[in-house]
Amino acid sequence: MTDVNTLIEGAKSLGFTLTDEQINKFIIYKETLKDWNQKINITSIIDDIDIDIKHFIDSLTPLNTDLFTYGAKVIDIGTGGGFPGVPMKIVRDDLNMTLLDSLNKRIRFLNEVIDRLKLNNIIAIHGRAEELGRKKEYREKYDIAISRAVASLDTLVEYCLPFVKKGGYFISMKGPDFNEELKESEKGIKILGGKIKDTRVITLPKSDITHSLIIIEKIKETPTKYPRGGGKPKKKPL
Ligand SMILES: C[S@@+](CC[C@H](N)C(=O)[O-])C[C@H]1O[C@@H](n2cnc3c(N)ncnc32)[C@H](O)[C@@H]1O
């Protein structure tokens, strides 16, 4: 018998009462994750309770901001095994979700997850953020860009802010000590058309793990020369 209590109680303390259908989707997601993880490297977190807390519950924390309006168009950049995008989509079926990753084997895994969980209005795309962010079909088309554990914030703002519409938000999911990173990103945030709106520190339910959300509002269009190519966002952050 799969123990779903941690998931149910953790979600509840964030304000989400999971339906049987949603619980079932999390169970299938976890099975698929553990199964594929034996063949391809998706995550180093493999313990059942750890997956519930560090992947599933943690991924739901951004939904507690009031930014995710009904039907919002969201892109999860560097989604890996689908975090935070897939758990968010399980709980908020109305969201229009794009999952982006530069590793094609992870995209294949995500397509299987989308299929097995029968999720609609969600797509997994293969590409590098700094390349897709220059393309008309993706550039400034999203209400929210979100990213967890992909790069330092000064690099990440150049990956993510180009996708966000004016008036939308980039949410960076970080650890507890974000002040230094945030300071080093201030210049880039301004150049790319962003403005720091809020920072929130969250203790994950059923644990003593502290995480943070850095919320950046897009107040101006990103100048066309960004994101830069040739690996510059990473090698030489703004
Ligand atoms: C450490 S994993 C984190 C995955 C997931 N967000 C999580 O929190 O579990 C980082 C992921 O970002 C992807 N990635 C790194 N740089 C990227 C880029 N420039 N564009 C798109 N994806 C990228 C990697 O392929 C990898 O799957």
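Small disclaimer: the values here were computed from a predicted structure and weren't measured.

**With respect to the site of the ligand**
- As a structural note, the neighbourhood of the ligand is formed by 17 residues, with Gly78, Gly80, Ser102, Ala129 and Arg148 the closest of them.
- Contributions of two or more residues to the shell around the ligand are made by strand S2 (96-101) and helix H6 (129-132).
- Its residues placed into classes, the shell around the ligand shows seven nonpolar, five polar and five charged.

**Focus: the sheet that holds strand S5 (residues 164-174)**
- Spatial strand order, S3-S2-S1-S4-S5-S7-S6: seven strands in an open sheet with mixed pairing. Pairing within the sheet leaves two strands with one partner each, and these edge strands are strand S3 (122-126) and strand S6 (194-203). On average, each strand axis in the sheet is inclined to that of its neighbour by 20 degrees, with strand direction left out of account.
- As judged from the five bridges shared by S2 and S3, these two strands associate in the parallel manner.

**Some points on the UniProt feature "binding site: S-adenosyl-L-methionine" (unreviewed entry) in the protein chain**
- Under the UniProt annotation, "binding site: S-adenosyl-L-methionine" (unreviewed entry) lies at Gly78, Phe83, Ala129, Glu130 and Arg148.
- Assignment of secondary structure puts Phe83 in the loop between strand S1 (73-77) and helix H4 (85-91).
- Other than its neighbours up to four places away in sequence, Phe83 contacts His55, Ser59 and Arg148.
- With respect to the helices and strands, Ala129 occurs in helix H6.
- The exposure class assigned to Ala129 is buried, which follows from the 26 C-beta atoms found within 10 Å.
- Contacts of Ala129, omitting those with residues within four sequence positions, involve Ile77, Gly78, Leu100, Tyr159 and Cys160.

Rules used in this analysis
Residues numbered from 1 in each chain as written. Predicted model: local features only at pLDDT ≥ 70, side-chain atom pairs only at ≥ 80, totals over all residues. Near = placed C-beta within 6 Å. Helix = DSSP H or I, 4+ residues; strand = E, 2+ residues; numbered from the N terminus. Nonpolar A, V, L, I, M, F, W, Y, C, P; charged D, E, K, R; others polar. Pairing = 2+ DSSP bridges. Axes fitted to C-alpha atoms, helices over the stretch in contact; angles between N-to-C directions. UniProt positions renumbered as here; feature names shortened; annotations may be inferred. Contact = placed C-beta atoms within 7 Å. Buried ≥ 20, exposed ≤ 12 C-beta atoms within 10 Å, placed from the backbone.

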